[in-house]
Amino acid sequence: MNEYIDKIKAIASGMGEVRIMEVCGGHTNSIMKYGIRGLLPKNIKLISGPGCPVCVTSQSDIDAAIELALNHIPLAAYGDMMHVPGSKMSLRDAQARGADIKTLYSVDQIINDRKRVFFAVGFETTTPMTAKLLSEGITVFSSHKLIPPAMKVLVTEMKIDGFIDPGHVSTIIGEDIWRTLDIPRPQVISGFQPDALLRAIYRLIVLIKEKRVEVINDYEEVVLPKGNMLAQALIKKTMKEYDAEWRGIGVLPKSGLIPRDPKLDARLVFEEIVSKAPAAKDNGCRCGEIVRGMIEPRDCKFFGKECTPERPMGACMVSDSEGACAIAFKYGRSLSE
Amino acid sequence: MCLAVPGKIISIDGSKAIVDFGGIRRKADITFLEEPKIGEYVIVHVGFAIQKVEEEVAKNTYNLLAEMEDE
């Protein structure tokens, strides 16, 4: 591990401020857990990006899912989604009021349950599982997002010199596709262990220093050039791109995936109920700025006070494996330490 | 949510497999694997195997990822 810290120090000396965004929430977790920011020279800044599916799910999607549950539509969702505050309540609160909501470890638990609607969130890594459900005829309310469109927007809004590309998103979409996406920055696909991240950061700084807009696959043992083509094929067969709304970022063209079959798209099947969801309310939570890397959790006056993992005011405090606020709370350090 | 944990395929029944994660055995869907075989190592994300990996890779990554998934 020291080898790369020394190499980073050597190459970074004499460079101005270098701003690197780690897109994936899993990377943010490793970086915080091992205190990697504190090991880097002062001019190397790591910025946490939007890679937390729970965090970027829009308030209106959460409210719509809650509305479905309150209107007696049996629902299913991954555990983290249960705790995200909606404008009036969370899915957990709706459940306490008698709504039928099943918390899933795997979509396999509902693969034969055709009456249930799956509230689907996640990036490319988690989409194949939803595709499998759709192929079995299960109805889905999809908030699935694609990571590259968000990266393209963020580079136009703030100074980012390079990206640590997400590891398991790349397992699905592959290494080669990154070179076709027109993201005008150097990128390194990284694993999750601290030594892997330090090596990826070193390689990225080399690319940045030499002004090489290239993609390095530094996670070859898990990321193949073409990715998982069986998963890609099922996604293509069952889902289509749409203009998804991201918390804090807004609507981005072709940045999400919804069911191809309108009969399995809960947004259409239950349009009347979904349209009755309450309008999103602003409670002062700054999660939207945090997912864009604009501010840090401690810049929010609610952080650790009114807003804690037990009583989250917003989505960034919910997932302690990916949400920037929950991670910062867990490790008791700010993102820049 | 994008974390994936490595394990070893113990048995296969159609599109399902039993995968051993360092002593804990769970069912995993293997729809997205090309020609999965007993004894191979895979990484599993929310109950689905998404990629085969070498044994060494699985063992190296096991500890860190299992720890993070549990948190």
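Refer to the preceding data block for the structure.
Asker: So what about the overall build of chain A? Which residues, and what values?
Answerer: Across its full length, chain A carries 15 helices and twelve strands. A principal-axis box enclosing the C-alpha atoms of chain A has dimensions of 60 × 45 × 30 Å. Within chain A, the proportion of its 337 residues that are buried is 55%. For chain A, restricting intrachain contacts to residue pairs at least 6 apart in sequence, the fraction spanning at least 24 positions comes to 71%.

Asker: Can you lay out the environment of Phe21 of chain B for me, pointing to particular residues and giving the numbers?
Answerer: Residue and element names in this part refer to chain B. Residue position: Phe21 is located in strand β2 (residues 16-21). A count of 18 C-beta atoms within 10 Å places Phe21 in the partly exposed class. Along the primary structure Phe21 and Ala58 are separated by 37 residues, whereas in three dimensions their C-alpha atoms are 9.7 Å apart.

Asker: Break down helix α7 (residues 127-135) of chain A for me, with residues and values.
Answerer: All names here are of chain A. The buried fraction of α7 is high, at eight of nine residues. Every buried residue of α7 is accounted for by Thr127, Pro128, Met129, Thr130, Ala131, Lys132, Leu133 and Leu134. Of the residues trailing α7, Gly137 is marked for its positive phi of about 85 degrees.

Asker: Give me the pairing of strand β3 (residues 24-29) of chain B: which residues, what numbers.
Answerer: Residue and element names in this part refer to chain B. By the bridge criterion, six bridges tie β2 to β3 in an arrangement that is antiparallel. The residue bridging Lys16 from the neighbouring strand is Asp29, located in β3. Counting the residues that bridge the hairpin from β2 to β3 gives two residues, and of these Gly22 lies at a positive phi of roughly 50 degrees.

Asker: Any details on the interface of chain B and chain A? Residues and values, ideally.
Answerer: In this assembly, 23 residues from chain B lie in contact with 31 residues from chain A. Breaking the side of chain B that touches chain A down by element, the ones donating at least two residues are β4 (41-45), β5 (48-53) and α1 (55-70) of chain B. Ranked by the residues each element gives to the side of chain B that touches chain A, the list is headed by α1 of chain B, at five residues. Per-class residue counts for the side of chain B that touches chain A are 14 nonpolar, five polar and four charged.

Here is what the cut-offs are and how they apply
- Residues numbered from 1 in each chain as written.
- Chains lettered and ligands numbered in written order.
- Predicted model: local features only at pLDDT ≥ 70, side-chain atom pairs only at ≥ 80, totals over all residues.
- Helix = DSSP H or I, 4+ residues; strand = E, 2+ residues; numbered from the N terminus.
- Buried ≥ 20, exposed ≤ 12 C-beta atoms within 10 Å, placed from the backbone.
- Contact = placed C-beta atoms within 7 Å.
- Pairing = 2+ DSSP bridges.
- Nonpolar A, V, L, I, M, F, W, Y, C, P; charged D, E, K, R; others polar.

It is worth stressing that arrangement in space is one thing and function is another; only the former is reported here.
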